[in-house]
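# Summary of structural features
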Amino acid sequence: MRIVYVNGEYVPEAEAKVSVFDRGFLFADGVYEVTSVLDGKLVDFAGHAARLNRSLSELEMRAPCDEAALLDIHRNLVDRNGIVDGLVYLQVTRGAADRDFLYPDAETVPTLVLFTQAKPDLKDPAKARTGMDIITIPDRRWGRRDIKTVQLLYPSMGKMMAKAAGADDAWMIEDGAVTEGTSNNAYIVKGNTIVTRHLGEEILHGITRAAILRMAAEAQMKVEERSFTVEEALEADEAFVTSASTFVMPVVSIDGKSLGNGAPGPVAKRLREIYLDESLAKAV
Ligand code: PDD
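Residues numbered from 1 in each chain as written. Predicted model: local features only at pLDDT ≥ 70, side-chain atom pairs only at ≥ 80, totals over all residues. Heavy atoms only, no water.

## Looking at the nonpolar core
Applicable threshold: What makes a nonpolar core is a set of buried Ala, Val, Leu, Ile, Met, Phe, Trp, Tyr and Cys residues whose side-chain atoms join them at distances within 4.5 Å. Under the scheme applied here, a residue whose accessible area is under 20% of the maximum for its type counts as buried, over 50% as exposed, and between as partly exposed, the area being computed with a 1.4 Å probe on protein chains only. Secondary structure elements follow DSSP: runs of H or I no shorter than four residues count as helices, runs of E no shorter than two count as strands, and numbering proceeds from the N terminus. Contacts are assigned to residue pairs with any non-hydrogen atoms lying within 4.5 Å of each other.
Residues Val 31, Leu 42, Leu 52, Leu 90, Val 92, Leu 112 and Leu 114 are the most contacted members of the largest nonpolar core, which totals 22 residues. If you list the elements that add at least two residues to this core, you get strand 3 (30-38), helix 2 (45-58), helix 3 (67-80), strand 5 (86-93) and strand 6 (111-118). Ranked by the residues each element gives to this core, the list is headed by helix 3, at five residues. Setting aside anything within four residues of it in sequence, one finds Leu 52 in contact with Val 31, Glu 33, Leu 70, Leu 90 and Val 92.

## A few points about the side chain of Thr 116
The criterion, for reference: Polar contact criterion, stated in full: a pair of N or O atoms within 3.5 Å, where within protein one must be able to donate a hydrogen and the other to accept it, and residues adjacent in sequence count only if both atoms are side-chain atoms.
Topologically, Thr 116 is positioned in strand 6. In this structure Thr 116 comes out as buried when scored by relative accessible area, which is 2%. Here Asn 81 takes part through its side chain, which lies 3.5 Å from a polar atom of the side chain of Thr 116. Discounting residues that sit within four places of it in the chain, Thr 116 has contacts with Arg 2, Leu 77, Val 78, Asn 81, Ile 83, Leu 87 and Val 88.

## Describing the packing of helix 2 against helix 3
Heads up, the condition is: Only the contacting stretch of a helix is used when fitting its axis, a line to C-alpha atoms as for every element, and angles between N-to-C directions run 0 to 180 degrees. Under this scheme an angle from 65 to 115 degrees is roughly perpendicular, one under 35 degrees roughly parallel, and one over 145 degrees roughly antiparallel; angles in between are oblique. Note on convention: near helix rotated counterclockwise from far helix by under a right angle means a left-handed crossing. Clockwise means right-handed. Ten residues, namely Ala, Val, Leu, Ile, Met, Phe, Trp, Tyr, Cys and Pro, are considered nonpolar, four, namely Asp, Glu, Lys and Arg, are considered charged, and the remaining ones, Gly among them, are considered polar.
With their axes 11 Å apart at the nearest point, helix 2 and helix 3 run at an angle of 125 degrees to one another. Taken together, the axis directions place helix 2 and helix 3 in an arrangement best described as oblique. As helix 2 runs across helix 3, the sense of the crossing is right-handed. Within the contact between the two elements, helix 2 uses Phe 45, Ala 46, Ala 49 and Leu 52 and helix 3 uses Glu 67, Leu 70, Leu 71 and His 74. Split by residue class, the contact of helix 2 with helix 3 holds six nonpolar, one polar and one charged.

What follows is the structure, given as structure tokens:
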């Protein structure tokens, strides 16, 4: 049985407990991170830890422990569960307190939960070879998407809409422009130029995005960080998404219209290779 971490203890998943008064449960008053594991090591742990701290401070939420202790818990869980390729999910909530919209006093102990998910095909999932079909949906999330909160109901609805349409995922549209995917950052490629939305409160500042933009620049590819419309995306040569759980995943159609020749494009393929190589070399 999987061993999970809850508030200082490593316990079998069936014995793990969180209070019914936990503000994560009652108010979605919590933030999270997903860090990938390759060959038993953590990919870009420092990036995820830094973003977690930013999410916590934007919400005036106490950090449950320091970065070194977090790294220790991540590594312990990976070892105890024998994870080779997979993910570590981390969630911090403001803790348990009697139900009140106002934040409880600062002494309230935050809840810290971590668990692993084994993903044996993480390095080479079938979709990386065939590419994803995506649909577009309106972006109906709240306005602070740069904070990685656990309010994931709309992204969840978006994935269900994609499934109902026979697609793999959805890109969200606001004021005519693509914000991002339901759980990933979105990119289009035209010629030698990669376009992805600029950072701001409208999207999550992807840890994979930051790495990919750096790698693209190092590989002499041109990068434009700006809004793009669905119309522009439909005219693109190729498209892809990035996230800690998919790395670089090609997109081959948008709203039923094939991009390029309908197969994963060379830029997405190349960036996926570079990302995997570098991540494997630098994982901790
Ligand atoms: N999702 N945008 C959104 C809305 C996301 O939920 C995610 C990550 C990303 C990519 O961020 P990163 O490269 O740091 O993983 C962008 C995670 C994987 C999830 O919810 O499972």
